[in-house]
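# Geometric and topological summary
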Amino acid sequence: MDPIEVGEVFTISDENNEENEVEVIAKVTLQGTDYVAVSFVEDLKEETEEDIDIFFLKIDAEGELSAIETDEEFDKVSEAFDAILEE
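Residues numbered from 1 in each chain as written. Predicted model: local features only at pLDDT ≥ 70, side-chain atom pairs only at ≥ 80, totals over all residues. Heavy atoms only, no water.

## Quick notes on the pattern of salt bridges
- A full pass over the atoms with the stated rule returns 1 salt bridge.
- Here K58 ties to E73 by a salt bridge, and the two come within 3.2 Å at their closest N and O atoms. Residue K58 is found in strand β4 (residues 55-59), and its partner E73 is found in helix α2 (residues 71-86); the two are separated by 15 residues along the sequence. Both residues of the pair, K58 and E73, belong to the buried class. (Salt bridge = Lys/Arg side-chain N within 4 Å of Asp/Glu carboxyl O. Helix = DSSP H or I, 4+ residues; strand = E, 2+ residues; numbered from the N terminus. Buried < 20%, exposed > 50% of the residue type's maximum accessible area, 1.4 Å probe, protein only.)

## Looking at unusual backbone geometry
- Of note in the backbone geometry, N17 takes a positive phi value of approximately 60 degrees without being a glycine.
- Within the secondary structure, N17 is located in the loop between β1 (9-13) and β2 (19-30).
- Backbone geometry at Q31 places phi at a positive 50 degrees, although glycine is not the residue there.

## Overview of the side chain of S39
- Tracing the sequence through the fold places S39 in strand β3 (residues 33-40).
- Polar side-chain contacts of S39 include one of 2.7 Å to the backbone oxygen of D53.
- Contact partners of S39, with chain neighbours within four places excluded, come to E21, V22, E23, I25, L44, I52 and D53. (Polar contact = N/O pair within 3.5 Å; in protein donor to acceptor, adjacent residues only side chain to side chain. Contact = heavy atoms within 4.5 Å.)

## Here's the deal with the sheet that holds β2
- The strand order across the open sheet formed by 5 strands is β1-β2-β3-β4-β5, and the pairing between neighbours is antiparallel. Whereas interior strands pair on both sides, the edge strands pair on one side only; in this sheet they are β1 and β5 (65-67). Each adjacent strand pair in this sheet contributes to an overall mean axis angle of 50 degrees, direction not counted. (Pairing = 2+ DSSP bridges. Axes fitted to C-alpha atoms, helices over the stretch in contact; angles between N-to-C directions.)

## Thoughts on the environment of E21
- Looking at where E21 falls in the secondary structure, it is placed in strand β2.
- Using a relative accessible area of 47% as the deciding quantity, one classes E21 as partly exposed.
- As a C-alpha pair, E21 and F55 span 34 residues in sequence and 12 Å in three-dimensional space.
- Residues in contact with E21, not counting those within four places in the same chain, are V9, F10, T11, S39, F40 and V41.

## Some details on a nonpolar patch on the surface
- Taken together, the side chains of L44, I52, I54, I84 and L85 make up a nonpolar region of the molecular surface, amounting to roughly 330 Å² of accessible area.
- Inspection of the secondary structure assignment puts I52 in the loop between α1 (41-45) and β4.
- Residue I52 is classed as partly exposed on the basis of its relative accessible area, which comes to 33%. (Patch = residues over 30% accessible without salt bridge, like charges linked within 9 Å, V, L, I, M, F, W, Y side chains within 5 Å. Areas by Shrake-Rupley, 256 points an atom, 1.4 Å probe, with all protein chains shown as cover.)

## Examining the nonpolar core
- Core analysis: the largest hydrophobic core is formed by 10 residues, namely A26, V28, L30, Y35, A37, F56, I68, V77, A80 and F81.
- Counting residues per element, the ones that place at least two in this core are β2, β3 and α2.
- Setting aside anything within four residues of it in sequence, one finds A37 in contact with E23, V24, I25, A26, I54, F55, F56 and F81.
- One finds F10, V22, V36 and I59 within the second-largest nonpolar core, a separate group that totals 8 residues. (Core = buried A, V, L, I, M, F, W, Y, C linked by side-chain atoms within 4.5 Å.)

Don't take any of this as a statement about function, it's just geometry.
Right under this line is the structure:
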């Protein structure tokens, strides 16, 4: 699989198997593992003052996306993306 890049749009399925388009808004590597921050494309297109939902996903060794499994890992990734997104 090709590396996932910022600005890339792809479809993910939620727990109800509903498909949603998301766009990569940031990418970071922590301790040799890549993570991406994504948001729903339709939320990004809307011009609003409201906060948008951002989700963090891990990129595994095969280049596939997976959920972050522990609170500790989520906190570490969240802090790294907060620093990037504040710039």
